[in-house]
Amino acid sequence: MKMRNYNSMDKFYYEQSFSKIFIAINFLLLLSIFLIGLFWYKMLAFFLAVVLFSFNCIVIYKCVQMLYKRVYGQRYDYHQMESLFSIHQLIEPKIPLPPMRGFAGSPDFIKSLLFHLMKHQPKLIVEASSGVSSIVISEWITKYSPESKHYALDHEEKYAGLTRSRISQPNSTIIHAPLKSYSLDNKEYKWYDMSMIEDLDQIDMLIIDGPPHFVNDLARYPALPLLKDKLKEGCIIILDDGRREFEQQIVKEWAQKENISVNYLDHLEKGAFVLEFTKS
Ligand SMILES: C[S@@+](CC[C@H](N)C(=O)[O-])C[C@H]1O[C@@H](n2cnc3c(N)ncnc32)[C@H](O)[C@@H]1O
């Protein structure tokens, strides 16, 4: 199938022709109102004037919406660029980093992750999911904390392999861990096969960015109940996509059952939670 790629120039021409069509329709409608009103029925002219007014209202609404998106989009884009500079300046990666945003972590999230790595200097890091975040963690280990160990679980062999192929740090391990069914509080969930990390203990940073939400509604809920016995006192838990209702529900449920302090990072484009775990 042939795909049409829209770039910013296409968008520019599209917007230009949109305004030309808008002006042409307005002109034609005005001319008809004038002619009909002059020679024919006043009622029809009135009806056309109402159509013209409604049409203009819709177009003005669409223009304001476009402007709003552009201004806020630019602000977010600039914010992401700033974060990207910080990431590169901090870790100086030896290979180009793969694209961020979309399925991958956004630059502001990755920058925040780096901030917490620098602040807490974790010795054992576990990630639920893998991707650009794993590459950045491995580069952080190389540059700042060569003693630290890092394990990332990915349920998709393809993505586990892709991430692994981009990592040269021997203390970073990307594990293909297919999803398995777990029963928690009489509910069924699918989560990474825990047998893959049964030897791990005293985790001091847990980063949760998977499994994807289409696996289960509360797909990331099992992370804490399944891993809590492996967490160190004061373990930092970072949960991406905090703006989503599912993630907010997950944190609410965790906070009811476990001793965690909750900090919500509202300034990140996808939102994120940073939690500190204390053993009950
Ligand atoms: C939210 S992504 C993980 C992102 C990761 N933390 C990062 O910063 O790149 C969760 C999972 O989606 C899968 N995934 C990654 N890229 C994908 C893509 N482009 N399309 C579909 N699934 C993808 C992988 O299995 C990954 O573990």
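Residues numbered from 1 in each chain as written. Predicted model: local features only at pLDDT ≥ 70, side-chain atom pairs only at ≥ 80, totals over all residues.

Novice: Which parts of the structure should I look at to understand the overall build of the chain?
Specialist: A count of helical and extended segments in the chain gives seven helices and nine strands. In summary, the chain has a C-alpha radius of gyration of 26 Å against a globular reference of 19 Å for 280 residues, an excess of more than 25%. Taking the principal axes of the C-alpha coordinates as reference, the chain spans close to 90 × 45 × 40 Å. Every one of the 280 residues in the chain was classed for burial, and the buried ones make up 30%. Contacts spanning at least 24 positions in sequence make up 63% of the contacts within the chain whose residues lie at least 6 apart. (Helix = DSSP H or I, 4+ residues; strand = E, 2+ residues; numbered from the N terminus. Rg over C-alpha atoms; globule rule 2.2 N^0.38 Å. Buried ≥ 20, exposed ≤ 12 C-beta atoms within 10 Å, placed from the backbone. Contact = placed C-beta atoms within 7 Å.)

Novice: What's the story with the site of the ligand in this structure? I'm lost.
Specialist: By nearness alone, 15 residues border the ligand, and Ala-104, Gly-105, Ser-129, Gly-131 and Ser-133 come closest of all. Grouping the constituent residues of the shell around the ligand by class yields five nonpolar, seven polar and three charged. (Near = placed C-beta within 6 Å. Nonpolar A, V, L, I, M, F, W, Y, C, P; charged D, E, K, R; others polar.)

Novice: Help me understand the pairing of strand β1 (residues 124-128) in this model?
Specialist: For a regular strand, side chains alternate in direction, first toward one face of the sheet and then toward the other. For β1, the tally of buried residues reaches four of five residues, placing the bulk of the element in the interior. Bridge analysis of β1 against strand β2 (residues 149-154) gives five bridges, and the strand direction is parallel. Of the residues in β2, the one forming a bridge with Val-126 is Tyr-151. Handedness of the crossover joining β1 and β2 through helix α4 (residues 132-144) is recorded here as right-handed. With four bridges connecting them, β1 and strand β6 (residues 203-208) associate as parallel partners. In the sheet register, Ala-128 faces β6, and the bridge partner there is Ile-208. (Pairing = 2+ DSSP bridges. Right-handed = clockwise from strand over helix to strand, strands pointing away.)

Novice: What exactly am I supposed to notice about the domain arrangement of the chain here?
Specialist: Think of interface size as the accessible area that goes away when the parts come together; that is how it is often given. Domain parsing of the chain yields domain 1 (8-86) and domain 2 (93-278). Each of domain 1 and domain 2 has a C-alpha centre, and these two points are 45 Å apart. Listed by partner, the interface residues are six residues for domain 1 and five residues for domain 2. Class assignment for the residues of the side of domain 1 that touches domain 2 results in two nonpolar, four polar and no charged. (Domains from an automatic or database assignment.)

Novice: For this particular structure, what's the right way to read the nonpolar core?
Specialist: Generally speaking, nonpolar side chains in soluble globular proteins are found buried as a group. Judged by nonpolar contacts, the single largest core of 50 residues is most densely connected at Val-136, Leu-206 and Ile-237. With near-sequence residues (within four places) excluded, Leu-206 lies in contact with Val-126, Ala-223, Leu-227, Leu-231, Cys-235 and Ile-237. (Core = buried A, V, L, I, M, F, W, Y, C linked by C-beta atoms within 7 Å.)

Novice: Sorry if this is basic, but what is going on with helix α3 (residues 107-120) here?
Specialist: What sets the pattern is the α-helix's 3.6 residues per turn: residues three or four places apart point alike. Here α3 spans 20 Å end to end across 14 residues, near enough to the 20 Å set by a 1.5 Å rise per residue. Within α3, the full set of buried residues consists of Pro-107, Asp-108, Phe-109, Ile-110, Lys-111, Ser-112, Leu-113, Leu-114 and Leu-117. Following α3 by one or two positions, Gln-121 adopts a phi angle in the positive range, close to 45°. (Expected span 1.5 Å × (residues − 1).)

Novice: Which parts of the structure should I look at to understand the environment of Phe-246?
Specialist: One can find Phe-246 in helix α7 (residues 245-257). Along the primary structure Phe-246 and Phe-109 are separated by 137 residues, whereas in three dimensions their C-alpha atoms are 18 Å apart. Sequence-distant contacts of Phe-246, defined by excluding residues within four places in its chain, comprise His-213, Asp-217 and Leu-218.

Novice: How should I be thinking about the sheet that holds strand β3 (residues 172-176) in this particular structure?
Specialist: The strands making up a sheet associate through hydrogen bonds between their backbones, and the pairing can be parallel or antiparallel. Read across the open sheet, the seven strands follow the order β3-β2-β1-β6-β7-β9-β8; overall the sheet is mixed. The two strands at the open ends of the sheet, each matched to only one other strand, are β3 and β8 (259-265). On average, each strand axis in the sheet is tilted by 15° relative to the strand beside it, whichever way the strands run. Contacting β2 and β3, helix α5 (residues 157-165) runs over the sheet at an angle of about 165° to β3. Along the sheet, α7 contacts β7 (231-240), β8 and β9 (272-278); its crossing angle with β8, the most-contacted strand, is approximately 155°. (Axes fitted to C-alpha atoms, helices over the stretch in contact; angles between N-to-C directions.)

Novice: Where do I start with the confidence of the model for the chain in this structure?
Specialist: Regions with low pLDDT should not have their predicted coordinates read in detail. Looking at the chain as a whole, its pLDDT mean stands at 89, while 92% of the residues score no less than 70. Under a pLDDT of 50 for its full length, residues 1-10 has, in the predicted model, one contact with residues more than four places off or in other chains. (pLDDT = per-residue confidence, 0-100.)

Novice: Looking at this structure, how should I read the packing of α3 against α4?
Specialist: For any two helices packed against each other, the geometry comes down to the angle between their axes and how far apart the axes lie. With their axes 11 Å apart at the nearest point, α3 and α4 run at an angle of 35° to one another. The crossing of α3 and α4 is right-handed. Residues Ile-110, Leu-113, Leu-114 and Leu-117 of α3 form the contact with α4, whose participating residues are Val-132, Ser-133, Val-136 and Trp-140. Here the residues of the contact of α3 with α4 sort into seven nonpolar, one polar and no charged. (Left-handed = near helix turned anticlockwise from the far one by under 90°.)

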